[in-house]
Amino acid sequence: MLAFLVLVTVALASAHHSGEHFEGEKVFRVQVEDENHIRLLQELASTHEIDFWKPDSASQIKPQSTVDFRVKAEDISAVEDLLEQNELQYEVLISNLRAMLEAQFDSHVRATGHSYMKYNNWEMIEAWTQQIASENPHLISRSAIGTTFEGRTMHLLKVGKAGPNKPAIFMDCGFHAREWISPAFCQWFVREAVRTYGQEIHMTELLDKLDFYVLPVFNIDGYVYTWTKNRMWRKTRSTYPGTKCIGTDPNRNFDAAWCVMGASRNPCDETYCGPSAESEKETKALANFIRNNLSSIKAYVTIHSYSQMMLYPYSYDYKVTENNVELNALAKATVKELATLHGTKYTYGPGATTIYPAAGGSDDWAYDQGIKYAFTFELRDKGRYGFTLPESQIRPTCEETMLAIKHLANYVLEHLY
């Protein structure tokens, strides 16, 4: 039996690399001082296949910042030479990406099915949405808000005690396919709601007075692709006439200053904004649901990774929101609460200045629909693992993020509008 388990484990590990294997690939962190450095990295990106981890693209690099990017094995010496010749300071965050990806599955939970301590594939998550709803009819109902480009059903969980005209908070996970810690948190949140309702006073009050709409995986097609073909896939899997390149960046596809800045019109780019705003079926499904429930939705939260940040609008412009002072104070208090558990430090602020300008994001769009409290969380870590955060960090990451979400929800409840 043990030999069989080992075989299954090996088969699972290799299944994650059935397309791209990532052997010998490295992730670099480069110190960018000035425009000259930015130009060098942009030139590098135009001559080599560079996968930007942070920021999302070469065009978003700012002076006095660090840039994380992945380089294919055959390009490493050329990249290192260029960095050294131009005296750019750099470190290697990940020296062999394949080894790091295999080390992700370090959870010692002996579960063959769904587990909150492990990364679950879409089939497991989909079955879980059905099961958790049917086992907890007093607290959870499941509905479909649309289908993806490849025809998968987008399941939404409504979490809360049934009651008339309840205010709601909308939370989604899994916008960018490779950010696996994100869907893990949405599942954890639902479990904690069910587990602690009636036991823990704060959660009980929240669920009695609020509904949470939880979309466990937004970009399902992309997420499936990261499990079957390419672990580093980011975008959707849509195709459009006139290009062989696949996918749109869903967080550049919303109708909020669409494609004005921090997004690309080139379908081959990771930050491609799509042929038009809401071109993606997934974007349209989410936007339609929120538009149809605007009277009840009081907060919008979208979960991403990595970099340990809590962001609020705007990202599409350097202007600040009308309630900027309030959002800033709320973010400050929320990240302070998050840090109480494991000491994890988050930065916070408006998207454009805190991380980088990016138009067409869901949080800006939600805010402009009239949802006063709209936030993006960038979960762990700060780059040591990046998108390859190991399963052993799921629990601490989710525990501390729970504190943040509960703090935020409590605030919203006390400041209904």
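Before any of the text, the structure's been laid out above.
Residues numbered from 1 in each chain as written. Predicted model: local features only at pLDDT ≥ 70, side-chain atom pairs only at ≥ 80, totals over all residues. Heavy atoms only, no water.

Some points on the state of the cysteines
Evaluation of the coordinates by the stated rule reveals three disulfides. Should the bonded cysteines of the chain be numbered as they appear in the sequence, the pairing reads 1-2, 3-5, 4-6. For the unlinked cysteine Cys-398, the closest cysteine sulfur is that of Cys-173, found at 8.7 Å. (Disulfide = S-S within 2.5 Å.)

Some details on the pairing of strand E8 (residues 211-215)
Here E8 lies mainly inside the structure; five of its five residues are buried. Covered by surrounding structure in E8 are Asp-211, Tyr-213 and Leu-215 together with Phe-212 and Val-214, the residues of both alternating faces. The pairing of strand E6 (residues 153-159) with E8 spans three bridges and is antiparallel. Within E8, the residue paired with Lys-158 across the bridge is Tyr-213. Note that strand E7 (residues 168-173) and E8 share five bridges and pair parallel. For Phe-170, the partnering residue across the bridge sits in E8 and is Tyr-213. (Buried < 20%, exposed > 50% of the residue type's maximum accessible area, 1.4 Å probe, protein only. Helix = DSSP H or I, 4+ residues; strand = E, 2+ residues; numbered from the N terminus. Pairing = 2+ DSSP bridges.)

Points about the pairing of strand E5 (residues 140-147)
Across seven bridges, the pairing between E5 and E6 is antiparallel. The partner of Gly-146 across the bridge, within E6, is Met-154.

A closer look at the packing of aromatic side chains
Following the criterion strictly, the structure yields 27 aromatic pairs and no others. Relative to Phe-254, the ring of Phe-175 lies with its centre 5.9 Å away and its plane at 25 degrees, an arrangement referred to as stacked. With Phe-175 in the loop between E7 and helix H6 (181-196) and Phe-254 in the loop between helix H8 (220-228) and helix H9 (281-292), this residue pair connects regions lying 79 residues apart in the sequence. Where Tyr-373 meets Tyr-411, the ring centres are 5.7 Å apart and the plane angle is 85 degrees; that geometry is what we call edge-to-face. On the criterion of sequence distance, the pair formed by Tyr-373 in strand E12 (residues 373-379) and Tyr-411 in helix H13 (residues 394-414) is long-range, its members being 38 residues apart. Tyr-411 carries the same exposure label as Tyr-373, and that label is buried. Members of the aromatic cluster, joined through ring pairs, are Phe-105, Tyr-119, Trp-180, Tyr-223 and Trp-227. The residue whose ring lies beneath Arg-237 is Trp-233, and the NZ or CZ to ring-centre distance is 4.5 Å. (Phe/Tyr/Trp six-rings, centres within 6.5 Å; stacked < 30°, edge-to-face > 60°. Lys NZ or Arg CZ within 6 Å of the ring centre and 35° of its normal.)

Any functional reading would require information that these geometric values do not contain.
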